[in-house]
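# Structure assessment
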Amino acid sequence: MLKKLFWMLVAIGVTIGIFSGEAVAKKSDTWIIIHAGTLMADARKPPRSRQSIVIKNRKIFDIRNGYISAADVAGAEKVKIIELKNRFVMAGMIDSHTHVTEQMTAHAREKAVTTTESEYALIGSVYARRILNAGFTTIRNVGGPREAVFAIRNSIRKDQILGPRIVASGYIISPLGGHGDTNGFRPDVFGTPNSGICNGADDCRRAVRDQIKYGADMIKYVATGGVLSKIATGTGQQFTDAEQAAIVQTAHMMGRKVAAHAHGKAGIEAALRAGVDSIEHGSYLDEGTVKLFRKTGAYLVPTLLAGKTVVDIATNKPGFFLPEVAAKAKRVGPIMAHALNIAYKGGVKIAFGTDSGVSVHGINGQELVLMVKAGMSRKDVLIAATVSAADLLGLSDSIGTLAKGKSADIIAARANPLTDISTLLKPDFVMVRGVVAVK
Ligand SMILES: [Zn+2]
């Protein structure tokens, strides 16, 4: 016992020694200048050619006309120049709907009772890197094993691993037996439900507060049934109006935004009336729902890639899903693009989100192509993936556009996405918080 304690103290001493040594060595400023052939600093405005982005200590220090050199920046020393003269440069994209610890498999039921929190954290950090490499420098993770998700988020924040900035929800708030619960096991196999499961307004306040206590940046709840849960309840409303009001009110009182998973019309409208900040999926919305969206100012996060993925699998891979899940997938998947089209034409605010984890991590950019196919202009799709998603996440001060004082989250592609959106399927330069991830 004493021997163990001794070695622990040695380990702590070594750790502190290393870190303090590093802190001393890191004192001088780091400078980078990016020469951008075409720069779209703000997706709402036209891009400009021949621009220089000056980065100091991982933040944008200035953006100047023409290709400047180190000598043009007063006080800059040991400047690294990055040449992107034949590239289209823009702000890193933001995926507002991911499940970074998950990857949908045909063995979902076995996985649910065999994968440990540590395994989720390890594999999730690999998935996070894949999403970053695809040009997404920030993600909003809307549900998963919270200890693992928070660990990945914190390790990225502390520069222990490289990944996208993560805004995380903790456990999904769900009614017992609902879409966010795990269903279909013998009671002794599954044990106690996680702390996100609640019934009644008071208990749901407890569930929200519990997520915040353990580190949630925002709250996600299920207003309606979902496609992938092993439960044949369809996609109608699952929480009562009173429960939804309690969830949203409690989260907002504690300074957290709220995302509601919602497919059925009644459930979407209940969530909007409760005051949610975003509706995820929104499959069965109609013109009436659009009016309510505009009244409350909530965002729609369309997740078309999830719809496409589950339809493809239900059609081409028999046995992958349980029969009740396959039936829901074929029913709900095809209508999601139609819902986005109605919402877009009706002037609903739209933020980019894929449901990555249902789809394979790293193909997140395919959502851009699907949004264009659903009727959005390329420019509006780029706004949804940058400016609007930053606003939804409450991070407009630091991400979403490239401007003085903002984080150096920068990507580049070979072609102009305003004419060829598919160029963003594989960005060939990615920088997150001033660190180059892909070049
Ligand atoms: Zn989801």
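Residues numbered from 1 in each chain as written. Predicted model: local features only at pLDDT ≥ 70, side-chain atom pairs only at ≥ 80, totals over all residues.

Now for the overall build of the protein. Scanning the protein for helices and strands turns up 14 helices and 15 strands. Radius of gyration (C-alpha) of the protein: 23 Å, near the 22 Å computed for a compact globule of 439 residues. In the protein, which comprises 439 residues, the proportion classed as buried is 50%. Long-range pairs, those at least 24 residues apart, make up 70% of the contacts in the protein with a sequence separation of at least 6. (Helix = DSSP H or I, 4+ residues; strand = E, 2+ residues; numbered from the N terminus. Rg over C-alpha atoms; globule rule 2.2 N^0.38 Å. Buried ≥ 20, exposed ≤ 12 C-beta atoms within 10 Å, placed from the backbone. Contact = placed C-beta atoms within 7 Å.)

The subject of this paragraph is the nonpolar core. Counting residues in hydrophobic clusters, the biggest one holds 126 residues, and the most contacted among them are Tyr-221, Ile-247, Val-258, Ala-271, Val-276 and Ala-343. At 10 residues, the largest contribution of residues to this core is made by helix H14 (residues 378–393). Two domains each donate at least three residues to this core, and these are domain 1 (31–92 + 401–438) and domain 2 (93–393). When near neighbours in sequence (up to four residues on either side) are disregarded, Ala-343 contacts Gly-282, Leu-285, Val-290, Phe-293, Leu-300, Val-348 and Ile-350. (Core = buried A, V, L, I, M, F, W, Y, C linked by C-beta atoms within 7 Å. Domains from an automatic or database assignment.)

Residue Asp-159 is not a glycine yet carries a positive backbone phi of 65 degrees. One can find Asp-159 in the loop between helix H4 (146–157) and strand S7 (165–168). According to the C-beta neighbour criterion, Asp-159 is exposed, with 10 such atoms within 10 Å. Positive phi outside glycine occurs at Arg-433, with the angle close to 45 degrees. Tracing the backbone through its elements, the reader meets Arg-433 in the loop between strand S14 (429–432) and strand S15 (435–438).

A few words now on the domain arrangement of the protein. Along its sequence, the protein is carved into domain 1 (31–92 + 401–438) and domain 2 (93–393). Computed from C-alpha coordinates alone, the two centres of domain 1 and domain 2 are separated by 31 Å. With 20 residues of domain 1 at the contact, the number on the domain 2 side is 21 residues. Breaking the side of domain 1 that touches domain 2 down by element, the ones donating at least two residues are S14 and S15. Ranked by the residues each element gives to the side of domain 1 that touches domain 2, the list is headed by S15, at three residues. The residue inventory of the side of domain 1 that touches domain 2, partitioned by class, reads 14 nonpolar, three polar and three charged. (Nonpolar A, V, L, I, M, F, W, Y, C, P; charged D, E, K, R; others polar.)

Moving on: the sheet that holds strand S11 (residues 299–301). On the basis of which strands lie adjacent, the open sheet formed by five strands has the order S8-S9-S10-S11-S12 and parallel pairing. Edge positions in the sheet fall to strand S8 (219–222) and strand S12 (349–350), since each of these pairs with one other strand and no more. Relative to strand S9 (residues 258–262), S8 is paired through four bridges, and the arrangement is parallel. Opposite Lys-220, over in S9, you have Ala-259 as the bridge partner. (Pairing = 2+ DSSP bridges.)

So, about the packing of helix H8 (residues 265–274) against helix H9 (residues 287–296). For the pair H8 and H9, interaxial distance at closest approach is 10 Å and the crossing angle is 15 degrees. The orientation of H8 relative to H9 falls into the category roughly parallel. H9 is crossed by H8, and the crossing has left-handed handedness. Across from Lys-265, Ile-268, Glu-269 and Leu-272 in H8, the residues of H9 making contact are Thr-289, Leu-292, Phe-293 and Thr-296. (Axes fitted to C-alpha atoms, helices over the stretch in contact; angles between N-to-C directions. Parallel < 35°, antiparallel > 145°, perpendicular 65-115°, else oblique. Left-handed = near helix turned anticlockwise from the far one by under 90°.)

Time to look at H8. Residues separated by three or four positions in an α-helix point in the same direction, a consequence of the helix having 3.6 residues per turn. Most of H8 sits out of view: eight of its 10 residues are buried. Burial in H8 covers these residues: Lys-265, Gly-267, Ile-268, Glu-269, Ala-270, Ala-271, Leu-272 and Ala-274. Tucked inside the fold, the buried residues of H8 contact helix H7 (241–253), S9, strand S10 (278–281) and H9. One or two positions beyond H8, positive phi appears at Gly-275, with a value near 95 degrees.

Moving on, we get to the sheet that holds strand S13 (residues 410–413). Read across the sheet, seven strands follow the order S3-S2-S1-S4-S13-S14-S15 without closing on themselves; strand pairing throughout is mixed. With one partner strand each, in any of the chains shown, strand S3 (59–65) and S15 form the two edges of the open sheet. Neighbouring strand axes in the sheet, compared pairwise and without regard to direction, differ in orientation by 30 degrees on average. Bridge count for S14 against S15 is three bridges, and the pairing is antiparallel. In the strand pairing of S15, Met-431 is matched with Val-436.

Because side chains alternate across S13, one face comprises the buried residues Ile-410 and Ala-412, and the other comprises Ile-411 and Ala-413, equally buried. The pairing of strand S4 (residues 79–91) with S13 spans four bridges and is antiparallel. The residue bridging Val-89 from the neighbouring strand is Ala-412, located in S13. Pairing of S13 with S14 involves three bridges; the strand directions are antiparallel. Residue Ile-411 lies in a different strand from S14, and its bridge partner there is Val-430.

This next bit is on the confidence of the model for the protein. Of all residues in the protein, 93% have pLDDT values of 70 or greater, and the mean over the chain is 92. This model gives residues 13–25 a pLDDT under 50, and the stretch forms zero contacts once residues within four places in sequence are excluded. (pLDDT = per-residue confidence, 0-100.)

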